[in-house]
Structures are given as C-alpha cells and as structure tokens.
Amino acid sequence: MSRPLHPDVALGIHLSTICSRNRYTTDPAPVIAELFDVAGDRGDVLAFEVGRWAGYYDDEHTAVLVAAIIESVPGAEEWAPTGREKRSAPAHGTTGFGPAYVPPTPAG
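A few points on the structure.

Scoring rules and cut-offs
- Every chain begins its residue count from 1, and numbering advances along the sequence as written.
- This being a predicted model, a pLDDT of at least 70 is required before a residue's local features are given, and a value of 80 or more before pairs of side-chain atoms are given or counted; all residues contribute to the totals for chains, interfaces and linings.
- The basis for every side-chain value is the complete set of non-hydrogen atoms in the structure, without hydrogens or water.
- Note on exposure labels: buried denotes an accessible area under 20% of the residue type's maximum, exposed denotes more than 50%, and partly exposed covers the range between, all computed with a 1.4 Å probe on protein chains only.
- Going along the chain from the N terminus, every DSSP run of H or I of four or more residues is numbered as a helix, and every run of E of two or more is numbered as a strand.
- Arc definition: directions from the helix axis to the C-beta atoms.
- In what follows, residue pairs with any heavy atoms lying within 4.5 Å of each other are defined as contacts.
- The rule for a salt bridge is simple: a side-chain nitrogen of Lys or Arg has to be within 4 Å of a carboxyl oxygen of Asp or Glu.
- In this text, buried Ala, Val, Leu, Ile, Met, Phe, Trp, Tyr and Cys residues form a nonpolar core when linked through side-chain atoms within 4.5 Å.

Comments concerning helix α4 (residues 63-72)
Item 1. Listed as buried for α4 are L65, V66, A68 and I69. For α4, the arc enclosing every buried residue in end-on projection is 165 degrees, short of the 170-degree limit, so these residues lie on one face.
Item 2. If you follow the buried residues of α4, they end up packed against α1 (7-21), α2 (29-39), α3 (43-57) and α5 (76-88).

Here it is as structure tokens:
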C-alpha cells in the first residue's frame, strides 16, 4: 500500500516542474509570479526548491530564469550551491556502472 507524498514534497515537485517547464523563458516575470502564487506562505520550500533548481540547471540556456530566481526569491541564492554540487556529483546506483563499479580481475 502506497502512502501519499508529504505536502511539502508535493509542493517542491510542483515548484521544480514550473521552473523546468519555463527554463528557456526570456520573460521570467510571469514564472516568478507563478512560483510565489503556488508557494503561498511556504517561502522556505520555495527558496529551497528553486534555489537548488537554479544551481543545478544554471547554464547559458537557462541564465535568464536562474538570474531572476536568485534575484527575486529570498533565500534561493543560499541553496544554489547545493544544486551545483548535485550536478557535479558522480552517477550512482545499483546497476554496476558508475564510479563505484570495479571491473572484475581477469583470470589469469
């Protein structure tokens, strides 16, 4: 039996989705307004999610939205380094690939 997502998690997913859907915008004002509207009084969740999103997705194609997020959302700039760290982290998983994978020693 599955459990529903915690409301903060669901809100975070919604906020990140708004950013991703609008990542290439040249007019970030409506996006920022939508983020504040959706977040309501949860400025802490807003700053955490969009700050990490901005750090992770910051590049020449998303620069307009990233700059608007950092400039307009109080606290977002504090979370951007966490997003950058996640972006540069090595892949991980249980598939036998990635940095934790050690090839077998050839028999010999």
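Comments concerning the pattern of salt bridges
Two side chains carrying opposite charge are able to pair once their charged atoms lie near each other.
Item 1. One pass over the full model with this rule turns up four salt bridges.
Item 2. In this structure, the salt-bridge partner of R42 is D8, at a minimum N-O distance of 2.6 Å. Within this pair, whereas R42 is found in the loop between α2 and α3, its partner D8 is found in helix α1, the two being separated by 34 residues in sequence.
Item 3. Classification of R42 as partly exposed rests on a relative accessible area of 27%.
Item 4. You can call D8 partly exposed: its relative accessible area is 28%.

A closer look at the nonpolar core
Item 1. L15, L35, V50 and I69 are the most contacted members of the largest nonpolar core, which totals 20 residues.
Item 2. When contributions to this core are tallied by element, the ones reaching two or more residues are α1, α2, α3 and α4.
Item 3. Ranked by residue count, the leading element in this core is α3, at six residues.
Item 4. Every residue in contact with L15, bar those within four places of it in the chain, is listed here: L35, V38, A39, V45, L46, E49 and V50.

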